[in-house]
Structures are given as structure tokens and as C-alpha cells.
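# Descriptive structure summary
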Amino acid sequence: IAAGFFAMPQYANSWLGSLPFSVPRIPERPFELGLDLKGGIHLVYEADLSGVPSPSDHDSAMEGLRDVIERRVNLFGVKEPLVQSSGKGDTRRLIVELAGIQEPQEAIALIGQTPYLEFRETKQNYTEIIENNQKLFQEGKTDFVDPYASTALTGRYLKKAEIGFDSLSQEPMVLLQFDEQGATIFEDLTQKNLGKPIAIFLDGQLLQSPTVQGIIAGGRAQITGKFTVEEAKTIVRNLNAGALPIPITLLSQQSIGATLGQDSLAKSLKAGIGGFIAVIVFMVLFYRLPGLLASLALVLYVVFLLSIFKFISLTFTLAGIAGFILSIGMAVDANVLVFSRMREELKAGRTLAGSLAEGFKRAWPSIWDGNVTAMLVALILFWFGSSFVQGFAFTLILGTLMSMFTALFITRNFLRMFEGTFLGKFKWLW
């Protein structure tokens with residue numbers, strides 16, 4: 001009941017509202033819909049890696065570029081945008097999917113910009129500006145003043161950033177290396193800002209603001225702090241994304257309207273409901289009472305699986321719904337094997353309890369082999385597939401695991417309820 005209320009709160013709230021006394025309503029949390037169901041845009045960009053001197057830096061450059069693009073599209077309030085790179089060697093592409101986007105042309109223009117890295121120094125009245133900004137924030141105002149001023153040092157002078165480790169504490173740090181011209185600018189900048197922070201901005205967003213400990217000559221610097229290794233790697237990727245010019249060119253754009261998405265969703269739901277009813281009718285007609293119990297377990301299977309999808313905020317796509325519908329048919333596969341074995345044991349003269357125990361015992365190897373094989377194939381699809389294939393594989397994996405639970409636990413206990421009862425004597429029911 002709790003899983004059903006969580007999966008479909010609108011029906012529960014409708015029922016609770018009809019009660020003669022006041023009952024708290026269940027918070028309604030909609031299912032997350034993907035691009036093909038909610039509508040949006042699908043963009044494919046080609047990355048120009050000619051400005052990256054070393055082929056070994058291609059992967060890190062693309063990862064940094066992907067991080068920057070994700071940060072940019074989040075400015076539009078897009079929840080869980082899909083940004084992924086594909087290709088090998090010099091041929092790399094960036095795939096961006098934005099579900100529910102309202103301003104596609106603005107998003108395209110912003111995504112197509114090359115990442116811009118800049119170093120800024122504090123203004124003379126830095127402390128006063130910070131205090132005033134804090135007061136404005138407390139008053140609920142947003143007209144803040146930027147406490148940093150632009151400098152001549154930008155990402156064009158940064159040769160590379162890499163991760164390093166302190167020789168004594170072994171704590172990770174970020175190492176910077178500027179070119180000859182950048183080294184001169186950076187030395188002057190550190191001399192001017194001793195004891196003050198120098199802010200590092202990427203696409204107008206603050207990455208780090210390390211404090212200058214001394215005059216740095218030679219074009220080599222390090223950023224220290226309480227970083228984890230993963231945090232240091234992320235900073236390095238972002239810095240390199242702004243340092244290495246990686247222009248991207250829009251190759252294709254596909255817009256999917258919300259109307260088309262809703263139509264696809266409606267057809268998918270009709271297909272799922274039709275398949276669900278067909279499975280129940282087959283099970284009841286062919287396996288009678290066990291089929292009816294398996295159908296009841298199948299209802300619980302759907303409720304449990306939908307609540308899991310909502311709990312983990314799974315984004316539904318057409319491919320994911322296809323995996324879910326396919327798993328409905330697979331959910332009764334184990335029951336078919338068990339019921340067939342039970343019938344053989346009942347025909348051999350065993351009691352219902354004995355037939356039930358022997359049916360599950362003999363069917364278990366086949367259930368195990370079939371479900372493990374399906375999950376292995378789904379894992380391969382998830383590991384090597386693209387976004388839509390991964391959605392199909394993930395829902396299929398969860399559905400297979402839940403089907404084993406419903407068949408081996410729920411259906412089995414439903415059948416055990418009839419052991420030793422008068423219905424167990426009517427073999428035509430079984």
C-alpha cells in the first residue's frame with residue numbers, strides 16, 4: 001500500500017479527500033520524463049582538437065569541455081541534462097540533450113562558445129564590497145557588486161594544468177604552467193597582490209580563489225587546499241578546458257515537441273497496459289488458481305518497480321519504458337517454470353505442499369540461468385550502449401531482479417497459504 005501511494009499519490013489523495021475526516025495528503029512527485037517524452041532538443045557538435053598539441057590530452061580536454069557544457073546548460077534550469085562525448089582519436093563529437101528546454105536558440109548560442117578562463121584580482125575596497133553584498137543577501141536583494149576586477153591573464157596564456165602531490169603530506173594540489181608571456185603577466189600579478197586572493201573564473205563562474213603566498217616567477221604555480229583527489233582532478237579538467245581552445249561546431253539539431261512526446265507516452269502506456277492484461281489473462285486461463293496468484297504478484301511487481309523508479313529519480317525514455325514492458329513478460333517466466341513443475345508433481349500423486357516444494361526446487365536452476373543470462377546481456381548493453389540503450393538496459397536489470405523477488409518470495413508465499421486447506425484437494429484448480 002505504501003509503495004502504491006508513493007508511486008501514484010494522486011489516486012491516494014483523491015481517496016483521502018473523500019474521507020469524512022481530515023487526513024494529511026501525500027506529496028505528489030511526478031515521474032522524470034526524458035527528451036523523447038517531455039520534448040526538447042537533441043544537439044550533436046563536432047570538436048576541433050587541432051589546438052590540443054598532444055593526442056594524450058584529447059580525453060582530458062573532452063572531459064573538461066563536457067563539464068563546462070554541463071555547467072552552461074544548467075543555467076537554463078534543465079534538470080539532469082545529458083552531455084556525453086563520443087568518438088576516438090581526432091574525431092570527437094559532443095552530444096547534448098536538453099529535455100523541456102524553452103529557449104533552444106539561446107541554448108545553442110551559449111553551448112557553442114569556447115570555454116573562457118580568466119584570472120581576476122580583488123578590488124581596492126574588496127572587504128567593503130563583501131560586507132555590503134552580505135547585507136544585501138540578508139535583505140533578500142540580488143544587486144550584488146563584483147568584488148573582483150579583470151586582469152590581462154586569461155586562459156590563452158595557460159599551457160596546462162595537472163594534479164600533483166605534496167612531498168610531505170601527500171595531499172593533492174593543482175599545478176599550473178604558463179607560457180613565457182603568461183609567466184611575466186603572472187609574476188607582476190602576484191607581486192601586486194601579495195597576501196590577497198586571485199580568483200579563477202571559467203565562463204564567468206568562480207572556480208577557485210587561492211591566496212598569493214609569494215611572488216611567483218618562471219610561470220609555474222600551485223594551488224593548495226583541502227582537496228580530495230577527485231576534486232583536484234575536476235579543477236584540473238576545468239582549467240584545461242579554458243586553457244586549450246576547443247571550438248565546437250553544431251552538426252545537427254533535432255527538436256522534439258512536447259505534443260509529440262505526450263503522444264508517444266500515451267501510446268507506450270497503452271502498450272504496457274495491453275501487455276499487462278494479456279499476460280494476466282493467459283496466466284489465469286492456463287494455470288488457473290496459481291495463475292491468479294501470480295497475476296496478483298505481478299500487480300505488486302509493477303507497483304514496487306514504479307516506486308523504485310520514482311525513488312531513484314529514474315528518467316523515463318521510450319527505450320526505458322520498453323525495457324519495463326519487456327520485464328513484465330519476463331516477470332511471469334519464473335512462475336511458468338514453477339507451475340509446470342508443480343503440475344508434473346501433482347500428476348505423480350504428490351500433495352500440494354510437496355508439489356510446491358519440489359516445483360520450486362527443480363525450477364530454480366532454470367530460473368537462475370534464464371535471469372542471470374538476461375542480466376548479463378543487459379549489463380553489456382548498459383556498459384557499451386548509448387543513452388537510450390542504457391535506459392532500456394537499466395530498467396530491464398531492475399525488472400529482472402524484481403521479477404525474481406516476486407516469483408521466489410511473493411508468489412511462493414501466496415501458494416503456501418493454500419497448503420492444508422480444502423482448496424488443495426481440488427487438483428483441477430492447480
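Before any of the text, the structure's been laid out above.
Read on for a plain summary of the structure. (Residues numbered from 1 in each chain as written. Predicted model: local features only at pLDDT ≥ 70, side-chain atom pairs only at ≥ 80, totals over all residues. Heavy atoms only, no water.)

Before going further, it helps to examine the packing of aromatic side chains. Taken as a whole, this structure holds 12 aromatic pairs when the rule is applied. An angle of 80° between the planes, with centres 5.7 Å apart, marks the rings of Phe309 and Phe324 as edge-to-face. Here Phe324 lies in helix α10 (residues 318-331) and Phe309 lies in helix α9 (residues 258-311), a separation of 15 residues in the sequence. By relative accessible area, which is 0% here, Phe309 ends up buried. Chaining the aromatic ring pairs together yields one cluster made of Phe282, Phe286, Tyr287 and Phe339. The ring of Phe201 is capped by Arg120, whose NZ or CZ atom sits 3.9 Å from the centre of that ring. (Phe/Tyr/Trp six-rings, centres within 6.5 Å; stacked < 30°, edge-to-face > 60°. Helix = DSSP H or I, 4+ residues; strand = E, 2+ residues; numbered from the N terminus. Buried < 20%, exposed > 50% of the residue type's maximum accessible area, 1.4 Å probe, protein only. Lys NZ or Arg CZ within 6 Å of the ring centre and 35° of its normal.)

Here we take up the packing of helix α11 (residues 333-347) against helix α12 (residues 352-384). Following both chains from N to C, one finds α11 and α12 inclined at 135°, their axes separated by 7 Å at the closest point. Between α11 and α12, the angle is such that the two are oblique. Once α11 is placed against α12, the crossing between them reads as right-handed. Together, Ala334, Leu337, Val338, Arg341, Met342, Glu345 and Leu346 of α11 and Leu352, Ser355, Leu356, Glu358, Gly359, Phe360, Arg362, Ala363, Ser366 and Ile367 of α12 make up the contact between the two elements. (Axes fitted to C-alpha atoms, helices over the stretch in contact; angles between N-to-C directions. Parallel < 35°, antiparallel > 145°, perpendicular 65-115°, else oblique. Left-handed = near helix turned anticlockwise from the far one by under 90°. Contact = heavy atoms within 4.5 Å.)

A sheet is described by the order of its strands in space; here 4 strands give the open sequence β6-β5-β9-β10, paired in antiparallel fashion. Edge strands, defined here as strands with exactly one partner in the open sheet, are β6 (148-154) and β10 (205-208). Each neighbouring strand pair of the sheet contributes to a mean axis angle of 45°, computed without reference to strand direction. One ladder, built from 4 bridges, connects strand β5 (residues 117-122) with β6; its direction is antiparallel. Bridging from a neighbouring strand, Glu118 pairs with Thr154 of β6. Against the sheet, helix α7 (residues 180-192) makes contact with β5, β6 and β9 (198-202), and its axis sits at roughly 150° relative to β6, the strand it touches most. (Pairing = 2+ DSSP bridges.)

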